[in-house]
Amino acid sequence: MSEPGEGTWVKGIAYGMSMGSVQLPYALLRYYTRLGLSDGEMLLIQHLISFQQLEGNDFPTLEELAVRMNIPPEQVARGLQRLMRDGFVSIDEDLDKASGIQYERYNVLGLYVKLAECLQEESSSPAVARKSAALPYQQNARQTMEEAEERNMFRVFENEFGRPLSPMEYETISGWIDQDRYPEELILLALKEAVFAGKVHFRYIDRILLEWSRNRVKTTEDVKAYAARFRSGGR
């Protein structure tokens, strides 16, 4: 038998839940698979939005997100990296004018732009929309291979650093691959150089890669030749 007032308590909690609902665009539920988002990435986006809307937390930590999703922080970081790499989410830096303190926040405007493009495609041409919907499945094999390679690289970095990488560090590695077009073997060699030098931090690794790029060092053989010239005093 229910305790006295139990029904009232349940109704009160249910009402509180209805008042604390998160607002999500219907287009997100409709098109997230077309955009190539997995169910896990969709859930991660929902949590980012809920932290912002209900808790006023624009930059939840990996640990906070991991607790909500019941997954390891490393898995959250990989999900965030993928969302940032593909332009769904970005990290903005703002300045609090009152305190003068700089802070970071997640920005999902990129996601909304992609959803708006889906709506535009569907309204302008149903045939184009059907073709667009098929693209994630056609590209799935290639994307899976690329993501597997990147995950392996992230794992190497985490092993050498002795800790999980932050979202910004994931973004830095992705930038080396996608924007700077550094070969993966070169990035791993730069990491190895940093470990040998006892300077295991991203700025030092970035300086190594920039120095190699300026000197047209692109392969393992180039690195060996460059090191030999450096040791002999010729550059």
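Refer to the structure above for everything that follows.
Residues numbered from 1 in each chain as written. Predicted model: local features only at pLDDT ≥ 70, side-chain atom pairs only at ≥ 80, totals over all residues. Heavy atoms only, no water.

**Student:** Hey, could you go over unusual backbone geometry for me, with residue numbers and the actual values?
**Tutor:** Negative phi is the rule for most residues except glycine; trans is the rule for most peptide bonds. A positive phi angle is found at Asn70, which is not glycine, with a value near 60°. With respect to the element layout, Asn70 can be found in the loop between helix H4 (62-69) and helix H5 (73-85). At Arg216, a position not held by glycine, the phi torsion is positive, near 55°. Among the structural elements, Arg216 can be located in the loop between helix H11 (202-214) and helix H12 (220-231). (Helix = DSSP H or I, 4+ residues; strand = E, 2+ residues; numbered from the N terminus.)

**Student:** Can you tell me about the pairing of strand S1 (residues 90-95), naming the residues and giving the values?
**Tutor:** Side chains on a regular strand alternate between the two faces of the sheet. Two elements, S1 and strand S2 (residues 102-107), share six bridges in a ladder whose sense is antiparallel. Along S2, the bridge assignment pairs Ile91 with Tyr106. Connecting S1 to the next strand, S2, in antiparallel fashion are six residues, including Gly100 with a positive phi near 75°. (Pairing = 2+ DSSP bridges.)

**Student:** So what's going on with the packing of aromatic side chains? Residues and values would help.
**Tutor:** Tallying each qualifying case throughout the model produces seven aromatic pairs. Taking the centre distance of 5.7 Å and the plane angle of 25° together, the rings of Phe157 and Phe202 count as stacked. Residue Phe157 is found in helix H8 (residues 140-161), and its partner Phe202 is found in helix H11; the two are separated by 45 residues along the sequence. Take Phe157 and Phe202: they sit in the same class, and that class is buried. Centre to centre, the rings of Trp176 and Phe202 are 5.7 Å apart; their planes meet at 20°, and the pair counts as stacked. One end of the pair, Trp176, is in helix H9 (residues 167-178); the other, Phe202, is in helix H11, and 26 residues separate them in sequence. These aromatic residues form a ring-pair network of at least three members: Phe157, Phe161, Trp176 and Phe202. Over the face of the ring belonging to Phe88 we find Lys114, whose NZ or CZ atom lies 5.2 Å from the ring centre. (Phe/Tyr/Trp six-rings, centres within 6.5 Å; stacked < 30°, edge-to-face > 60°. Buried < 20%, exposed > 50% of the residue type's maximum accessible area, 1.4 Å probe, protein only. Lys NZ or Arg CZ within 6 Å of the ring centre and 35° of its normal.)

**Student:** Could you give me a rundown of the nonpolar core, with the residues and numbers involved?
**Tutor:** In terms of nonpolar packing, the biggest core is built from 53 residues, with Leu80, Phe157, Ile173, Trp176, Ile205, Leu209 and Trp212 touching the most fellow members. Once residues lying within four places of it in the same chain are set aside, the contact partners of Ile205 are Phe157, Phe161, Trp176, Ala190, Leu191 and Ala194. (Core = buried A, V, L, I, M, F, W, Y, C linked by side-chain atoms within 4.5 Å. Contact = heavy atoms within 4.5 Å.)

**Student:** I'd like a description of the pattern of salt bridges, backed by residues and values.
**Tutor:** Between side chains of opposite charge, a pair can form as their charged atoms come close. Enumeration according to the criterion identifies nine salt bridges in this entry. Ionic pairing is found between Arg105 and Asp92, a salt bridge with its closest N-O pair at 3.6 Å. In this pair, Arg105 is assigned in strand S2 and Asp92 in strand S1, connecting sequence segments 13 residues apart. Overall, Arg105 belongs to the partly exposed group, its relative accessible area being 25%. For Arg105, the salt bridge goes to Asp94, with nearest N and O atoms at 2.6 Å. Here Arg105, found in strand S2, pairs with Asp94, found in strand S1; they are 11 residues apart in sequence, far enough to count as distant. According to the relative accessible area criterion, Asp94 is partly exposed, its value standing at 24%. A single network of salt bridges, built from pairs that share partners, joins Glu41, Arg82, Arg85 and Asp86. (Salt bridge = Lys/Arg side-chain N within 4 Å of Asp/Glu carboxyl O.)

**Student:** Explain the packing of H5 against H9 to me, and be specific about the residues and the numbers.
**Tutor:** Interaxial distance between H5 and H9 falls to 9 Å at its minimum, and their mutual angle equals 45°. Put simply, H5 runs oblique to H9. Of the two elements, H5 crosses H9, and the hand of that crossing is right-handed. Two secondary-structure elements touch here, H5 through Glu74, Ala77, Arg78, Leu80, Gln81, Met84 and Arg85 and H9 through Pro167, Tyr170, Glu171, Ser174 and Asp178. (Axes fitted to C-alpha atoms, helices over the stretch in contact; angles between N-to-C directions. Parallel < 35°, antiparallel > 145°, perpendicular 65-115°, else oblique. Left-handed = near helix turned anticlockwise from the far one by under 90°.)

**Student:** Please give an account of the side chain of Glu169 that cites residues and values.
**Tutor:** Tracing the sequence through the fold places Glu169 in helix H9. For Glu169, the side chain forms a polar contact with the main-chain nitrogen of Ser166, separated by 2.9 Å. Excluding residues that lie within four positions of it along the chain, Glu169 makes contacts with Arg163, Pro164 and Phe202. (Polar contact = N/O pair within 3.5 Å; in protein donor to acceptor, adjacent residues only side chain to side chain.)

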